[in-house]
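# Structure assessment
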Amino acid sequence: ALALGGCSSLQSLLSGDSLAQTAPVASVDAEKALAVAHLAYQAAGVTLEQAAESGALKGEDAHTAQALFDKAGAALDAADAADAALNAQGVIEAVTEAETAIAELESLIKK
């Protein structure tokens, strides 16, 4: 039996595009998104450290910020695993989760 995954790939194939034409674009997009997410995570880590050292983050906010940072890190670990498995869609999904946590962290720090 042939398993057909990823609706966009299936639609591309049905429209006449070959898998070789569609897969590299998704893979490149996933690689770019993963690289940008790693940079954003590093920057968030520096910002978190500075906010903690300056006293801008205290108590519950500090715990929440650390939890968001850890959540982003776990999502990036999942994105790296998906990348290693050549799963572009998995990379994009995990990067989206990481970006959401990083955005929440940045909002918390700016409070």
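Residues numbered from 1 in each chain as written. Predicted model: local features only at pLDDT ≥ 70, side-chain atom pairs only at ≥ 80, totals over all residues. Heavy atoms only, no water.

This next bit is on the confidence of the model for the protein. Of all residues in the protein, 77% attain a pLDDT of 70 or more, and the chain-wide mean is 83. Taking the mean pLDDT of every element in the protein, the minimum, 42, falls on helix 1 (residues 7-14) and the maximum, 96, on helix 3 (residues 59-84). pLDDT under 50 marks residues 1-22. Its contacts with residues more than four places away, or in other chains, come to eight contacts. (pLDDT = per-residue confidence, 0-100. Helix = DSSP H or I, 4+ residues; strand = E, 2+ residues; numbered from the N terminus. Contact = heavy atoms within 4.5 Å.)

Take the nonpolar core next. Within soluble globular proteins, side chains that are nonpolar generally end up buried alongside one another. In terms of nonpolar packing, the biggest core is built from 13 residues, with Leu 48, Leu 57, Ala 65, Leu 105, Leu 108 and Ile 109 touching the most fellow members. The set of elements that each furnish at least two residues to this core consists of helix 2 (19-54), helix 3 and helix 4 (88-110). Not counting residues up to four positions away in its chain, the partners in contact with Leu 57 are Leu 48, Ala 51, Ala 52, Ala 62, Ala 65, Leu 108 and Ile 109. Membership of the second largest hydrophobic core comes to 12 residues, among which are Ala 30, Leu 76, Val 91 and Ala 94. (Core = buried A, V, L, I, M, F, W, Y, C linked by side-chain atoms within 4.5 Å. Buried < 20%, exposed > 50% of the residue type's maximum accessible area, 1.4 Å probe, protein only.)

With that out of the way, let us pick up the packing of aromatic side chains. The full count for this structure, using the stated rule, is one aromatic pair. On the basis of an interplanar angle of 10 degrees and a centroid distance of 4.3 Å, the ring pair of Tyr 41 and Phe 69 is categorised as stacked. One end of the pair, Tyr 41, is in helix 2; the other, Phe 69, is in helix 3, with 28 residues separating them in the sequence. (Phe/Tyr/Trp six-rings, centres within 6.5 Å; stacked < 30°, edge-to-face > 60°.)

Below, the discussion takes up the environment of Ile 92. Relative to the assigned elements, Ile 92 resides in helix 4. On the accessibility criterion, Ile 92 (29% relative accessible area) is partly exposed. In this structure, the C-alpha to C-alpha distance between Ile 92 and Glu 31, residues 61 residues apart in sequence, is 8.8 Å. With near-sequence residues (within four places) excluded, Ile 92 lies in contact with Asp 29, Ala 30 and Ala 33.

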